[in-house]
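What follows is each chain in one-letter form.
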Amino acid sequence: MDSLLSVSNICKTYAVQVLSNVDFSLRRGEVHALVGENGAGKSTLVKIISGLIRQSAGSMELNGRPFAPGSRMDAEQCGIRTVLQELNLIGNLTVAENLFFTGIPNRFGLIRYHELNKAAAVLLDRFGLTGVNPRMKVSALGIGRQQLLEIAAAMSCESPILIMDEPTAALMDPEVELLFKHIKEKRDNGSSVIYISHRIEEIKRIADRITILRDGCIVGTYNAADIGNDEIINQMVGRSMDQVVERRSQASARIALKAKGLTRRPFFHDVSFELRKGEILGFAGLMGSGRTETMRGIFGADRFESGEIYLDDSQQPVSIKSPRHAVRNGIALLTEDRKEQGLFLPLSLRENITITNIGAVASRIGWINHEHEHAEADDWIGKLDLRCRSPEQKAVELSGGNQQKLVIAKWMFRDCRILIFDEPTRGIDVGAKVEIYKLLNNLSERGKAIIMVSSELNELMALCDRIAVMSAGKLAGVFDRGSWSQEILMEAAFSEYLTGERRNPQSPLDEGKDETGPVNHETSNLS
Ligand SMILES: Nc1ncnc2c1ncn2[C@@H]1O[C@H](COP(=O)(O)OP(=O)(O)OP(=O)(O)O)[C@@H](O)[C@H]1O
Ligand SMILES: [Mg+2]
């Protein structure tokens, strides 16, 4: 078969070997999926192909000629565009500038902004980002929309090879559909796509071939039609795996937190709900529906303009002015954006885990008990099956999914009563997802009250006692276990967009902000 790109015997060694003798080929006009557990080496392989890092050994060929890109730009000039796992937009530039970073229309060196913004608006439209103003700074967009923007930027180029490293991690079904439509178009036009995702159903739908990586080695390459979901997972983890998690409902009648009329325009409006001890309360909604913003409000990261929060049975509202206040009141927030808000990347795993609760490993007079600290770090690394060289490895060196596990370990260690998880399984492989589900189950059994924001309805339906659905900043409904179905939840997620209250009711993926309205930079990383 006609191979456009081939990779032979590629090895990559950092302190240890992370890729061993990898052979991989990409045909013209195919979508080739790359799957494997967290830390298997997927991102490393595509970074080598896209010129970001160099292999330690092995060679590549593009169009039958030796290919050794010295930089990302080099690879781009050879027709390889990449959407990286970690977002790569420049926060200080506008949406339009980011979209056309390499091809900004200019005349005698002057940027033609009118043209630029017009072209950007067309592109934004194609990706369902109708309400996003091309003049807006990228840092003001939520993570989901940033991801779509990055995808749009890469797809706007006519490159023969497109690489996407977990493009859908922050997206929900309707956005994924849109992306797939564009990928299929590309393929039909003869482009080739390397597609990385932990969502096996997605892979089965979009891929022509699937290559499985385990611990830096290729396990095999299969025609997507010839391999079942279970088989893919077994090959990935090297054993057969129990994927089903049963929710043993433990919610008590006692209130842990009550939110009343929380409002922060234009992000959320009149949000009221109760969270009970031992409960897992899900929060569903489309991108930009206000879930993350509501959680940040409760955590004191952003102020809300009106509304109250009550803890336990208290009739007196608490005033949570800052995240520090929230933590003191026993509330933890695990953010969706681990790079920006969750981790201290230059520090070791051990320090990242213990830093939020240094008191727990310190003696009464303040000395840190290193033995205790190491034991705690080892314990969490084991519990979450966090793949690392040692607890002293720096967080920045971990694979994307393992960084996510580290954020979880960090907050678990700080013994909070109310835990808010914003997309806890984003970018996490199937095996580790099950571990996280079990962990949430265990925590709720110990009486912790848990909020889980997720874009994956299946996971919410498997795990939650109740599911709250947000739509256009409002709480569209709270559903009990047994009273929901995928259709009911999706209908609720769309409901507020269809009532005609909003500027552009046809576009549920809309930004929801006035085009010329103020852009609040405080609220970066919201979705
Ligand atoms: N700069 C680095 N220094 C040392 N080790 C690294 C570095 N970058 C990656 N690694 C290691 O290489 C291995 C493979 O990482 P990689 O990011 O390729 O995994 P991945 O398959 O993309 O995982 P994920 O699904 O979590 O994104 C991991 O064990 C990681 O810790
Ligand atoms: Mg990766």
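The rules we used
- Residues numbered from 1 in each chain as written.
- Chains lettered and ligands numbered in written order.
- Predicted model: local features only at pLDDT ≥ 70, side-chain atom pairs only at ≥ 80, totals over all residues.
- Helix = DSSP H or I, 4+ residues; strand = E, 2+ residues; numbered from the N terminus.
- Buried ≥ 20, exposed ≤ 12 C-beta atoms within 10 Å, placed from the backbone.
- Contact = placed C-beta atoms within 7 Å.
- Pairing = 2+ DSSP bridges.
- Axes fitted to C-alpha atoms, helices over the stretch in contact; angles between N-to-C directions.
- Near = placed C-beta within 6 Å.
- Arc of directions from axis to C-beta.
- pLDDT = per-residue confidence, 0-100.
- Core = buried A, V, L, I, M, F, W, Y, C linked by C-beta atoms within 7 Å.

Engineer: It is not clear to me how the overall build of the protein should be interpreted in this structure. Could you clarify?
Structural biologist: Helix and strand counts for the protein stand at 17 helices and 21 strands. When the 527 residues of the protein are sorted by exposure, 47% land in the buried category. Contacts in the protein between residues far apart in sequence, at least 24 positions, make up 69% of those at least 6 positions apart.

Engineer: Help me understand the sheet that holds strand β2 (residues 17-27), please; the structure alone is not making it clear to me.
Structural biologist: Each strand in a sheet pairs with another by means of backbone hydrogen bonds, the pair being arranged parallel or else antiparallel. Ordered by their spatial adjacency, 4 strands build an open sheet running β2-β1-β4-β5, and the pairing between neighbours is antiparallel. Of all strands in the sheet, those bounded by a partner on one side alone are β2 and β5 (65-66). Relative to β2, strand β1 (residues 3-13) runs antiparallel, the two sharing 7 bridges. Of the residues in β2, the one forming a bridge with V7 is F24. On top of the sheet, helix α1 (residues 42-49) reaches β1, β2 and β4 (57-62); it is set at about 60 degrees to β2, its chief contact.

Engineer: Got a minute to help me understand the site of ligand 1 in this structure?
Structural biologist: Taken together, 19 residues form the shell around ligand 1, and within it N38, S43, T44, S399 and G401 come nearest. When residues of the shell around ligand 1 are traced back to their parent elements, those giving at least two are α1 and α14 (400-413).

Engineer: Is there a simple way to explain the pairing of strand β17 (residues 331-334) in this structure?
Structural biologist: Moving residue by residue along a regular strand, the side chains alternate between the two faces of the sheet. Side chains I331 and L333 of β17 all project onto a buried face; the interleaved residues A332 and L334 project onto the opposite face, where all are buried too. In this sheet, strand β18 (residues 418-422) lies alongside β17 in parallel orientation, the contact comprising 4 bridges. Its bridge partner lying in β18, A332 is registered against L419.

Engineer: Is there a simple way to explain unusual backbone geometry in this structure?
Structural biologist: Residues apart from glycine generally show negative phi values, whereas peptide bonds are mostly found in trans. Of note, the amide linkage connecting R265 to P266 takes the cis form, showing an omega dihedral of 0 degrees. Within the fold, P266 resides in the loop between β13 (255-264) and β14 (268-276). Within the chain, N9 stands out as a residue other than glycine whose phi angle is a positive 55 degrees. Along the chain, N9 turns up in strand β1. By C-beta crowding, N9 is classed as partly exposed, having 13 other C-beta atoms within 10 Å. Backbone geometry places D215, a non-glycine residue, at a positive phi of 45 degrees. Mapped onto the elements of the fold, D215 is located in the loop between β11 (209-214) and β12 (217-223). Accessibility expressed as a C-beta count within 10 Å gives 16 for D215, which makes it partly exposed.

Engineer: Can you help me understand helix α8 (residues 229-237) in this one?
Structural biologist: Given 3.6 residues to a turn, an α-helix orients residues that are three or four positions apart in the same direction. Along α8, the residues classified as buried are I232, I233 and M236. The arc that holds the buried residues of α8, viewed along the axis, is 95 degrees, so those residues lie on one side. Taken together, the buried residues of α8 touch β3 (31-35), α7 (200-206), β11 and α15 (430-445). Trailing α8 by a residue or two, G238 shows a phi angle of about 80 degrees, which is positive.

Engineer: Explain the confidence of the model for the protein here, please?
Structural biologist: For any part of a model where pLDDT is low, the fine detail of the predicted coordinates should not be relied upon. In this model, the protein carries an average pLDDT of 83, and 86% of its residues clear a pLDDT of 70 or more. Within the protein, the element-level pLDDT minimum falls on strand β7 (residues 106-107), averaging 51, and the maximum on β4, averaging 97. Taken as a whole, residues 500-527 scores under 50 in pLDDT and shows 67 contacts with residues more than four places along the chain or in a different chain.

Engineer: Is there a simple way to think about the sheet that holds strand β20 (residues 466-471) in this case?
Structural biologist: Reading across the sheet, the 6 strands line up as β17-β18-β19-β15-β20-β21 and stay open at both edges, with mixed pairing between neighbours. The sheet is open, and its two edges are formed by β17 and β21 (474-480), each paired on a single side. Ignoring strand direction, the axes of neighbouring strands in this sheet form an average angle of 15 degrees. α15 contacts β15 (280-285), β18 and β19 (449-453) of the sheet and is inclined by roughly 150 degrees relative to β19.

Engineer: Where do I start with the nonpolar core in this structure?
Structural biologist: Generally speaking, a soluble globular protein has its nonpolar side chains buried in company with each other. I420, I451 and M452 are the most contacted members of the largest nonpolar core, which totals 141 residues. Excluding anything up to four places from it in sequence, M452 contacts I280, G282, F283, F421, P424, L440, L460, L463 and C464.

Engineer: Honestly, the environment of R328 in this entry has me stumped. Any pointers?
Structural biologist: Its location among the elements puts R328 in helix α10 (residues 323-328). Residue classification places R328 among the exposed residues on the basis of 11 C-beta atoms within 10 Å. Between the C-alpha atom of R328 and that of C416, which follows or precedes it by 88 residues, the distance is 8.8 Å.

Engineer: Looking at this model, I keep getting lost on helix α9 (residues 291-298). Mind explaining?
Structural biologist: Counting buried positions over the 8 residues of α9 gives 8, a clear majority of the element. Burial in α9 covers these residues: R291, T292, E293, T294, M295, R296, G297 and I298. Once α9 finishes, G300 follows within two positions and takes phi at roughly 80 degrees, a positive value.

Engineer: Mind showing me how you'd approach the environment of S348 here?
Structural biologist: Inspection of the secondary structure puts S348 in the loop between α11 (338-342) and α12 (349-354). Along the chain, S348 and E392 lie 44 residues apart, while their C-alpha atoms are 4.9 Å from each other. Apart from the residues lying within four places of it in its own chain, the contact partners of S348 are P391, E392, Q393 and K394.

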